[in-house]
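Close look at the chain arrangement
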Amino acid sequence: MTETVISTGAICAETGDLQTLMSHARAIRDQQWGRTVTYSRKAFVPLTNMCRDTCGYCTFVKHPSSPEANIMTPEQVLATAKRGEREGCKELLFSLGEKPELRYEAARAALAQLGYERLTDYLADMCALVLRETTLLPHVNAGTLTDDEIDVLRPVAASMGMMLETISRRLTRKGQPHYACPDKVPLQRLRTLERAGEKHVPFTTGLLIGIGESFAERLEALEAINAAHARHGHIQEVIIQNFQRKPDIEMANHPEPSLEDMLRTIAAARIILSPDISLQAPPNLSARHPAYLDAGINDWGGISPVTIDFINPQHEWPEIRSLSQSCADAGFELRERLTVYPRYLGADSTFVSPDLLARASDMAEASGLARQQQHLGELA
Ligand code: SF4
């Protein structure tokens, strides 16, 4: 591999030459991932929009007293999954608020109506339902997890994820976006990253940039993710996500990160992270997302032909067909992957439970990417 000669000091120089940084990042990406850029065709299930945290940028969460607060029923989960299956999705992504039942009586009551005391147990049963009734592979984004919660989810979730977001403890102080958010204390999130590694879970994490953290704190967060991966080999992908202003959030007037800021952070991530960690940035949060390819990404993350982006509902997914075209224009081939990355799908993999491994392997071609490339069929 071409050695990347760049000092940490050059990366840390927030004002250093962006083009040089990006060119180093691109070289690492090209060496490891070639000219293939991937995405996962998925349906999203926002299992509950109640959460015990109150992040200042969140538009997804609803207070249990709101008429919009809900926990999806098994019938609703299955209806979305079936729709995804009909549209050629391979993944069902469960996203949900964190542990609302620990804070709100109304959340406990709603769970009790479904026959559960703990949201994680309901989530695990919904994963099992999806596995039983559809061909989709569940991926869960359930936030911070205890050892026991990971044990309950691992047999029914092909992969899991939790955005580290930031490592800045300053942002948990009064007036900051993570004030009074017990699950956003960086130490708690780092512990979840570590537990997932110890338990061999293919794991997705990432940074949310532009919420008040410094550039140096971003680099520190990337170093922490990389250190966990060096210990356990479980970080399959890192997302660099840009903060989005919305009218109904506490941070409605907070500035959004610029494209340059995004490119600099993506490039720094590509240089800091182990090359085998996939690097992803969302295509629907900037009209200029093709530029992310120049900064070293190799993946666009989840794109759904059936459900909206519940976290950023004002931003539509790009048409997969047009994304494929813009990738081709930039000299890349768009390919569909599964929720589990190829390197965890070997016959002797200890990262995926045996039943799920057999199922995922059946869905994969020799390269480990999806056997059925749905968008290529669409284009035919
Ligand atoms: S961002 Fe996540 S953890 Fe924070 S309030 Fe929203 S749902 Fe809860």
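Not measured: the values here are computed from a predicted model.

1. A word on the confidence of the model for the chain
- Overall, the prediction assigns the chain a mean pLDDT of 92, with 93% of residues at 70 or greater.
- In the model, residues 1-5 has pLDDT below 50 throughout and makes seven contacts with residues more than four positions away in sequence or in other chains.

2. Things to note about the site of the ligand
- For the ligand, the full set of nearby residues is Cys-51, Asp-53, Thr-54, Cys-55, Cys-58, Phe-60, Val-61, Gly-97, Glu-98, Gly-143 and Asp-183.
- Its residues assigned to classes, the shell around the ligand comprises five nonpolar, three polar and three charged.

3. Looking at the UniProt feature "domain: Radical SAM core" (unreviewed entry) in the chain
- Annotation from UniProt places "domain: Radical SAM core" (unreviewed entry) at residues 37-282.
- Summarising residues 37-282: 37% helix, 18% strand, and an end-to-end C-alpha distance of 13 Å.

4. Observations regarding helix α11 (residues 320-329)
- The complete set of buried residues in α11 reads Ile-320, Leu-323, Ser-324 and Cys-327. Here the buried residues of α11 occupy an arc of 100° about the axis, which is enough to place them on one side. Among the exposed residues of α11, those oriented more than 90 degrees off its buried face are Arg-321, Ser-322 and Asp-329.
- Phi turns positive one or two residues past the end of α11, at Gly-331, with a value near 90°.

5. Section: the environment of Ala-221
- Residue position: Ala-221 is located in helix α8 (residues 215-232).
- Apart from residues lying up to four places away in sequence, Ala-221 is in contact with Leu-164, Thr-166, Ile-167 and Leu-207.

Analysis parameters
Every residue gets a number counted from 1 within its own chain, in the order that chain's sequence is written. With pLDDT at 70 or above as the cut-off, local features in this predicted model cover only qualifying residues; side-chain atom pairs require 80 or more to be listed or tallied, and sums for whole chains, interfaces and linings still use all residues. One confidence number per residue, pLDDT, is output by the predictor and ranges from 0 to 100. Note on contacts: residues are paired as contacts if their backbone-placed C-beta atoms lie within 7 Å. In this text, near has one meaning. A residue is near a molecule or strand if its C-beta atom, placed using the backbone, is within 6 Å of it. Each residue is assigned to one class: nonpolar for Ala, Val, Leu, Ile, Met, Phe, Trp, Tyr, Cys and Pro, charged for Asp, Glu, Lys and Arg, and polar for all the others, Gly among them. UniProt positions are given in the numbering used here, feature names are shortened, and annotations may be inferred rather than shown by experiment. Here a helix means four or more residues in a row that DSSP labels H or I, a strand means two or more in a row labelled E, and each is numbered from the N terminus. Any residue whose C-beta has 12 or fewer other C-beta atoms within 10 Å is treated as exposed, any with 20 or more as buried, and any in between as partly exposed, C-beta atoms being built from the backbone. The directions from the helix axis to the C-beta atoms form the arc being described.

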